[in-house]
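Examining the three-dimensional arrangement
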Amino acid sequence: MRGRDRAWTSAVGAIVLLAAGLLSGVAPLLHAARASAAAPAGASTPPSSTGKVLSFKLPYLEHEVTDPNAQDVAQHAAGDAPLLVFLPATGEVPNDYREYLETAVSVGYSVLGLDYWNVGRSVTRTCRADSDCYTQLQENRLNGSDPSRFSRVGVSNSILRRFSAAIAYLERQDPAGAWGRYLVDDHPRWDDVVFAGHSQGGGESAFIAHRHRVRGVLMYSSPVETYGDVSASWMRSPGATPPSRMYGFDDVHDLYFERIVGSWKRLGMGIPDARHATRVPTGSHVLLSSLDVGNPLESHGHSVNDFGPRTTSGTMVFAPTWRWMLRQVREP
């Protein structure tokens, strides 16, 4: 399954288009056993039961929600599971991350892969060295406030509105998941939610964690919110979520490696040393892989999506890193 047309830039500003296409129709149901079977020996016991995978488009719920119009993906885990909300990279869609979402369910999360306004020019290409641009753009996409030349998303298309609409749908269609527990006054119950994302989605997740104290935030090839000596203006002050609840993962060959490392430093997560990178890292708030997965653009894209490296048996190479990160913030 492919995502929307993706457009990224090289360090000198060349645009590379990645092949993609909107997924149409309802995706086939998968069983949680597929994800659970991938758990390594010694891993914590996965949930005893999980719900079916649900794929749905928000325009089916209300006419206010318009493009982008990709399918959201959700699945509940058994028991008092926290919720993982995953935000895709520029031009990608939730169905590009099914392996990661299944891994999160196997660890004990209910999951929601949420489509949002991530089309067109990427955040990093839009803002570059304009520190206020990042803040204005990311705030607008979160709640629809203060549209500007950088972003003009309305309230009905904001992440918060899409989140509440998705939870309302899931509460009706999958009552066994008790999805309503994650929503209070049309906002996420922040301390029960971990936000995760890839590239632009990871940057937006970090911004949300700065504004609200969430259970945790997991950033993959992100945030790309530092440009030389300039970082997003919201990074100038401590955020609501402490660095102890933040984890980031990137490949040392990433096109945006220096900008991502600079953002981690500004967020107080630590300063990683590329010389200590390992193929499949664990054990730090800032994780670096030394695995060569292609050119710098591919290295940026393949840290978490379904098109990344696989073992000879077909499992995702980086799945142990994903599991380790997910477990660090699963408990309050």
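The structure we're discussing is the one just above.
A quick note: this is a predicted structure, and the numbers were derived from the prediction, not measured.

**Observations regarding the pattern of salt bridges**
- Counted by the stated rule, this structure contains seven salt bridges.
- Across the salt bridge formed by Arg162 and Asp115, the nearest N and O atoms sit 3.8 Å from each other. Taken as a pair, Arg162 in helix 5 (residues 159–173) and Asp115 in the loop between strand 6 (110–113) and helix 3 (123–127) lie far apart in primary sequence, 47 residues in all.
- Its relative accessible area of 0% is what places Asp115 among the buried residues.

**Structural notes on the sheet that holds strand 9 (residues 193–198)**
- Spatial strand order, 3-4-6-5-9-10-13-14: eight strands in an open sheet with mixed pairing. Each having just a single partner strand, strand 3 (54–56) and strand 14 (286–289) make up the two edges of the open sheet. For this sheet, the mean inter-axis angle between neighbouring strands, taken without regard to orientation, is 15°.
- Judged from the three bridges that link them, strand 4 (residues 72–75) and strand 6 form a sheet pairing that is antiparallel. Each bridged residue has a counterpart across the sheet, and for Gln75 the counterpart in strand 6 is Val111.
- Of the strands in this sheet, strand 3, strand 4, strand 5 (83–87), strand 6, strand 9 and strand 10 (216–220) touch helix 2 (residues 98–107), which is tilted by about 170° from strand 5.
- Those strands touched by helix 9 (residues 319–328) are strand 5, strand 10, strand 13 (246–251) and strand 14, and its axis lies near 165° from that of strand 13.

Here is what the cut-offs are and how they apply
Residues numbered from 1 in each chain as written. Predicted model: local features only at pLDDT ≥ 70, side-chain atom pairs only at ≥ 80, totals over all residues. Heavy atoms only, no water. Salt bridge = Lys/Arg side-chain N within 4 Å of Asp/Glu carboxyl O. Helix = DSSP H or I, 4+ residues; strand = E, 2+ residues; numbered from the N terminus. Buried < 20%, exposed > 50% of the residue type's maximum accessible area, 1.4 Å probe, protein only. Pairing = 2+ DSSP bridges. Axes fitted to C-alpha atoms, helices over the stretch in contact; angles between N-to-C directions. Contact = heavy atoms within 4.5 Å.

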